[in-house]
Amino acid sequence: MQTAAPLSRPIMAGVVTALVGFTSSFAVVLTGLGAVGASPAQAASGLLAVSLTMGLACVVLAWRYRMPITVAWSTPGAALLAATGVVDGGWSAAVGAFLVTAALILLTALWPALGALIARIPPSIAQAMLAGVLLPLCLAPITGLVANPWGVVPVVITWLIVARLAPRWAVPLAFVAAAVVVAVSLIQAGAPVDAGLLIPRLELTAPTFTLGALIGVALPLFIVTMASQNVPGIAIMRSFDYEVPWRPSMLVTGIGTALGATAGGHAINLAAISAALAASPDADPDPKRRWVAGVSTGISYLVLGGFSAAFAALVLLAPEAVIPAVAGLALFAAFGSSVQQAIDDPGERIPAVVTFLVAASGISLLSVSAAFWALVAGLVVRTALHAGRRRSRDGG
C-alpha cells in the first residue's frame, strides 16, 4: 500500500502556483492599467483588486468542487489594455468597460448561446488578434537593450540562463534581477522612498460608459479572456481528468470581475498555463487531494495582494525600460503560441495575417481601438476569401 504524500506537498504546489503566476505577469497588469489612464495609485488598486478577487475565487471553486481549480487575472487582457491606450472618456470609461466585461462573462454562464457565438469566431482570428496586441510589448526587451543597456542586460541574461535551467522560474527570477537593478539605482541616486507608497489601498472610481470603450475595450477584453484563458483552462484541467463545472466557474469569475472593476481590476478568469502546476501529479499523487493546492493558491494570492502596493511602487521607481523588459519577457511564450495557432491552418493564414497586422498597427478609428478593427478586418477578409472559393467550386 502506497503511503500518502504529506499535506505540505499540495500546499507548497499552491504557493508555487501563486508565486509563479503573480511575479510572472503583475508588471503586465500594471502596464495595461496605466496605459488606459489609471494613475499609479489606481493601477496599484487594480492589482490589489484582482489579487483579492482571484484569490477568493480559487478558494471558493476548489473548496466547493474538490478540484484543483485555479483562477488568474487575464494576462492577455492586460496586454490588450497596454496596446489600446487611453480611450474616449479616460480611466472612468475603462472602468465602465471592465464592468461590461463582467456582465458578458456572467451572461455566458446564464445564456449558453453567447458562449456558442464566441466559439464561432475562428481560433486563428482570435489568436492573430492577440499576437498583434502582444507584439509591441514583446519588443520592449529588445528596444530596452538600446535605451538602457545597464538596466536591461542583467534582466535579459538572468531570464536566458534560468530559461535553460528551470523554465518555470525564468520570468520570476528576471523580475528579481529587475528589483536588484531598481534597488541599486535608488541607492546610487540617494532617493528616499515614500513609505505611503507601500501601503495597499483600494481606489474606487465611478464608471462611465462610452461607445469607444465598450467596443474597443470591453468586447476585445471579453473575447481574449474567453478564447485565451477560459477555454484553454478547461482543456488543461480535462487533460488531468478534471471536468470543471462551466456555469459555476463563469458565475464566480464574472462576479469577481464585477466586484473588482470599480477598484481598477480588469478581469479574472480560469487559469490556463499555471493551472497545470496545481492539477498535475507533481502537486499530489492522489488526484482527490489536489484540491488542497487550489485552496493554497487562493490563500497565497490573498497574501501577495497585501504586497501589491510595494510591487506597484517598484514599477514606479524603476529606471527606464527595465519593467517593460520584464513584461515583454513574460509574454514571449504567449506570443509564440498565438502566432503558431494563428497561422497553423494554411487556409486561414491570410485572414490571420491581416488580423495580426491591423492589431499590431495600433490604429484608432472613431475612438475604437485596433483590436476591434483587427477582428473586423480578419472576419471580412476571411468571409470574402471563403465566398470566392465557394464560387470557384460551384463554377467548376
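Residues numbered from 1 in each chain as written. Predicted model: local features only at pLDDT ≥ 70, side-chain atom pairs only at ≥ 80, totals over all residues. Heavy atoms only, no water.

Chemist: Would you mind showing me how to read the overall build of the chain here?
Modeler: Scanning the chain for helices and strands turns up 18 helices and 2 strands. On C-alpha atoms alone, the chain measures out to a radius of gyration of 21 Å, which is about the 21 Å that the 2.2 N^0.38 rule sets for 396 residues. Along the longest, intermediate and shortest principal axes, the C-alpha atoms of the chain span 70 × 60 × 45 Å. Counting all 396 residues of the chain, 53% fall into the buried class. If you take every contact in the chain between residues at least 6 apart in sequence, the share linking residues at least 24 apart comes to 83%. With the model as given, the accessible surface of the chain reaches about 16800 Å², and the carbon-plus-sulfur share is 70%. Charge centroids of the chain, computed over 18 positive and 13 negative side chains, lie 8 Å from each other. (Helix = DSSP H or I, 4+ residues; strand = E, 2+ residues; numbered from the N terminus. Rg over C-alpha atoms; globule rule 2.2 N^0.38 Å. Buried < 20%, exposed > 50% of the residue type's maximum accessible area, 1.4 Å probe, protein only. Contact = heavy atoms within 4.5 Å. Areas by Shrake-Rupley, 256 points an atom, 1.4 Å probe, with all protein chains shown as cover. Lys, Arg positive; Asp, Glu negative; His and termini not counted. Charge placed at Lys NZ, Arg CZ, Asp CG, Glu CD.)

Chemist: How do you make sense of a nonpolar patch on the surface when you look at a structure like this?
Modeler: Residues Leu145, Val146, Val153, Ile157, Ile161 and Leu165 make up a contiguous nonpolar surface patch of about 560 Å² in total accessible area. Residue assignment for the nonpolar patch shows that the elements contributing at least two residues are α7 (140–147) and α8 (149–165). Residue position: Ile157 is located in helix α8. (Patch = residues over 30% accessible without salt bridge, like charges linked within 9 Å, V, L, I, M, F, W, Y side chains within 5 Å. Salt bridge = Lys/Arg side-chain N within 4 Å of Asp/Glu carboxyl O.)

Chemist: Explain helix α17 (residues 349–361) to me, please; I cannot follow it from the model alone.
Modeler: One turn of the α-helix equals 3.6 residues, which is why residues spaced by three or four share an orientation. Across its 13 residues, α17 extends 18 Å between first and last C-alpha, which sits within 8% of the 18 Å expected from 1.5 Å per residue. By the burial criterion, the buried members of α17 are Pro351, Ala352, Thr355, Val358 and Ala359. What you see down the axis of α17 is that its buried residues fit within an arc of 135°, all on one side. One or two steps after α17, the chain reaches Gly362, where phi turns positive at roughly 75°. (Expected span 1.5 Å × (residues − 1). Arc of directions from axis to C-beta.)

Chemist: Can you help me understand the side chain of Glu348 in this one?
Modeler: In this structure, Glu348 sits in the loop between α16 (332–343) and α17. Its relative accessible area of 11% is what places Glu348 among the buried residues. Excluding anything up to four places from it in sequence, Glu348 contacts Ser124, Ala342, Arg382 and His386.

Chemist: Looking at this model, I keep getting lost on the pattern of salt bridges. Mind explaining?
Modeler: Where side chains of opposite charge bring their charged atoms close, a pairing between them can arise. Scanning all chains against the criterion turns up 3 salt bridges. The salt bridge involving Asp284 is made with Arg289; its shortest N-O contact spans 2.8 Å. On the accessibility criterion, Arg289 (21% relative accessible area) is partly exposed. When the shortest N-O distance is used, the salt bridge between Glu348 and Arg382 registers 2.8 Å. Note that Glu348 is positioned in the loop between α16 and α17 and Arg382 in helix α18 (residues 370–395), a separation of 34 residues in sequence. Since its relative accessible area comes to 24%, Arg382 is described here as partly exposed.

Chemist: For this particular structure, what's the right way to read helix α15 (residues 322–330)?
Modeler: Judged by how many residues are buried, α15 sits mostly within the fold: 7 of 9 residues are covered. Turning to α15, its buried residues number three or more, namely Val322, Ile323, Ala325, Val326, Ala327, Gly328 and Leu329.

Chemist: Quick question: what am I supposed to make of the packing of helix α1 (residues 8–35) against helix α14 (residues 308–317) here?
Modeler: Think of two packed helices as two axes; the pair is described by the angle between the axes and how far apart they sit. Where α1 contacts α14, the two axes come as close as 11 Å, and the packing angle between them is 60°. When the axes of α1 and α14 are compared, the pair comes out oblique. In the crossing of α1 with α14, the sense of the turn from one axis to the other is right-handed. Residues Phe22, Phe26 and Leu30 of α1 pack against Phe311, Ala312 and Val315 of α14. In the contact of α1 with α14, the residues fall into 6 nonpolar, no polar and no charged. (Axes fitted to C-alpha atoms, helices over the stretch in contact; angles between N-to-C directions. Parallel < 35°, antiparallel > 145°, perpendicular 65-115°, else oblique. Left-handed = near helix turned anticlockwise from the far one by under 90°. Nonpolar A, V, L, I, M, F, W, Y, C, P; charged D, E, K, R; others polar.)

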